[in-house]
Amino acid sequence: RSGHISGAKNIYWKSLQNKDILDISLLEKALSEAGIDERQRIIICGSSDDEGGPFLFWALSYLGHGNISLLDGGIEAAEEAGAALTSNVPAAEPSNYSSSISSRLLVDPASLESMLSRSDVRILDARDFSDYGQSRLGNGSICLSRDKIYDDLSRIKPPSTLKDLFERRMNPDDTIIVYGTPQAY
């Protein structure tokens with residue numbers, strides 16, 4: 001209501017959940033109603049201090065949508081770059097969105113228990129350090145809180161910084177599990 005990039009469709013991330021868990025049918029319905037199909041390129045733009053953009057990025061990845069990007073810095077970055085905002089709501093011709101689930105992107109509690117005993121599994125725990133210290137997920141877990149990934153402006157740190165951060169903590173052949181809703185998105 002306060003303004004969005006022209007042509008943007010509003011999909012509120014919490015409306016895609018049932019009991020705080022992604023509901024695939026709700027996401028497919030929201031995408032269909034917004035006129036989005038599985039072949040379209042999607043740029044996700046949320047507020048830089050909100051988990052909604054990263055959650056939607058993960059949810060679309062889980063659905064198998066291959067052509068997606070997350071606008072680093074959110075709507076604030078778009079405004080800084082000179083994007084004019086509008087409050088006009090674009091009309092959308094409904095589509096028939098169909099997903100192709102990438103099941104490897106979701107680990108359930110039953111499979112997590114068996115994975116914790118493997119030596120090639122690393123858990124990147126995205127919770128803050130105090131939560132991590134109170135309930136670690138095994139010896140293979142590594143605290144990787146939000147402040148290590150994002151700078152003070154809620155923008156993703158430079159690729160060279162992230163590369164160094166990840167290379168020091170894991171082997172390329174490891175199975176990596178990211179944990180810590182909502183920061184893990």
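That block above? That's the structure.
Described below are features of the structure shown in this document. Counting starts from 1 at the beginning of each chain's written sequence and moves along it residue by residue. The predicted origin of the model limits local features to residues at a pLDDT of at least 70 and limits the giving and counting of side-chain atom pairs to 80 or more, whereas totals for whole chains, interfaces and linings rest on all residues. The basis for the side-chain values is all heavy atoms of the structure; hydrogens and waters are excluded.

**What to know about the nonpolar core**
The term nonpolar core refers to a set of buried residues drawn from Ala, Val, Leu, Ile, Met, Phe, Trp, Tyr and Cys, joined through side-chain atoms within 4.5 Å. Burial status follows relative accessibility: with a 1.4 Å probe on protein chains alone, a residue under 20% of its type maximum counts as buried, one over 50% as exposed, and anything between as partly exposed. Counting residues in hydrophobic clusters, the biggest one holds 20 residues, and the most contacted among them are I11, L16, L22, L27, L31, F55 and L60. The set of elements that each furnish at least two residues to this core consists of α1 (24-33), β4 (42-44) and α2 (52-63). Secondary structure follows DSSP: runs of H or I at least 4 residues long count as helices, runs of E at least 2 residues long count as strands, and numbering of each begins at the N terminus. For this core, the element with the highest residue contribution is α2, accounting for seven residues. Two residues form a contact once any of their heavy atoms are found within 4.5 Å. Residue contacts for L31: discarding those within four places in its chain leaves I11, I36, L60, L63, S95 and Y97. Among the nonpolar cores identified, the runner-up in size contains eight residues, and L124, I142, L144 and I149 belong to it.

**Structural notes on the pairing of strand β7 (residues 121-125)**
Most of β7 sits out of view: four of its five residues are buried. Relative to strand β9 (residues 175-179), β7 runs parallel, the two sharing five bridges. Bridge pairing in β9 links R122 to I176. Handedness of a crossover: with both strands directed away from the viewer, a clockwise path from the first strand across the helix to the second marks it as right-handed. Following the backbone out of β7, through helix α5 (residues 129-134) and into the adjacent parallel strand β8 (residues 141-143), one traces a crossover that is right-handed. Pairs of strands are assigned from DSSP output, requiring at least two bridges between the strands.

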